Amino acid sequence: MLNDPNTIAALSRDVVNLGTQNDTYDISVSTLTGHLPPGWTYEYQTSQGIFTGPSTLPLAAGASETIQVRIDSHGIAGGGLVELTFTSQGNPAVVRTQRFSKVSNPRGIFEASLAP
């Protein structure tokens, strides 16, 4: 998402249990491209709560849930990426990864890259 450095990027994706059995998904988190810029924070929300680290998500067979991710740059220009990986406890071979990104004040970033 491209937005102002003072605006929180609110992103969401649906997680769907396509299986015929109830399942619980382990959610792991990593920040990519090195790390989020210093001073940036993130959190994600499921029906189980708000998290900044690993969690689990139970889903009935055929059910879905919307995961909400918020990336806050706290007024700092830059770009960052948060990756959530969902692994089925019932079938650990079922793994899905979703990336969420924010770029804030790209004009300032571009101008800084042109500075002598």
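All residue numbers refer to position in the chain's written sequence, counted from 1. Given that this is a predicted model, residues contribute local features only at a pLDDT of at least 70 and side-chain atom pairs are listed and counted only at 80 or more, while totals for whole chains, interfaces and linings are drawn from all residues. Excluding hydrogens and water, the side-chain values take into account all heavy atoms of the structure.

> With reference to specific residues and values, describe the overall build of the protein.
Going along the chain from the N terminus, every DSSP run of H or I of four or more residues is numbered as a helix, and every run of E of two or more is numbered as a strand. When you go through the protein residue by residue, the secondary structure sums to one helix and nine strands. In the protein, the succession of α and β elements from N to C terminus is β-β-β-β-β-β-β-β-β-α. Residue contacts are counted whenever heavy atoms from the two residues lie within 4.5 Å of one another. By sequence separation, contacts in the protein at least 24 residues apart represent 71% of the contacts at least 6 residues apart. Surface accessibility of the protein: about 6600 Å² in total, with carbon and sulfur atoms responsible for 54%. Surface accessibility follows the Shrake-Rupley procedure with a 1.4 Å probe radius. Residue values consider only the protein chains on display as shielding.

> Run through the environment of L11, naming residues and quoting values.
Here L11 shows up in strand 2 (residues 9-16). With relative accessibility at 15%, the residue L11 sits in the buried group. Note: C-alpha distance between L11 and K102 (91 residues apart in sequence) is 9.4 Å. Relative accessibility thresholds used throughout: buried, under 20% of the residue-type maximum; exposed, over 50%; partly exposed, between the two (1.4 Å probe, protein chains only).

> Describe the side chain of D72, naming the residues involved and giving the relevant values.
Residue position: D72 is located in strand 7 (residues 64-72). His residues and chain termini do not enter the charge count, which takes Lys and Arg as positive and Asp and Glu as negative. A pairing counts as a salt bridge when a side-chain nitrogen of Lys or Arg comes within 4 Å of a carboxyl oxygen of Asp or Glu. The side chain of D72 is buried and forms no salt bridge, while K102, the nearest opposite charge, is found at 5.4 Å. Within 3.5 Å is the distance limit for a polar contact, defined as a pair of N or O atoms, with the added protein rule that one can donate a hydrogen and the other accept it, and that residues adjacent in sequence qualify only through two side-chain atoms. Within the structure, D72 has its side chain in polar contact with the backbone nitrogen of H74 (distance 2.8 Å). Ignoring sequence-local partners within four residues, the contact set of D72 consists of I8, G39, W40 and T41.

> Could you give me a rundown of the packing of aromatic side chains, with the residues and numbers involved?
Both the distance between ring centres and the angle between the ring planes are used here to describe each pair of aromatic rings. Side-chain rings of Phe, Tyr and Trp (the six-membered ring for Trp) are treated as a pair once their centres are within 6.5 Å; stacked means planes under 30 degrees apart, edge-to-face means over 60, and tilted covers the remaining angles. Taken as a whole and assessed by the stated rule, the structure comprises one aromatic pair. When the centroid spacing of 5.6 Å and the interplanar angle of 35 degrees are considered together, the rings of Y44 and F51 count as tilted. Classification of Y44 by relative accessible area gives buried; the value is 1%. Distance and angle both matter: a charge sits over a ring if NZ of Lys or CZ of Arg is within 6 Å of the ring centre and within 35 degrees of the ring normal. Positioned over the ring face of W40 is K102, at 5.9 Å from the centre of the ring.

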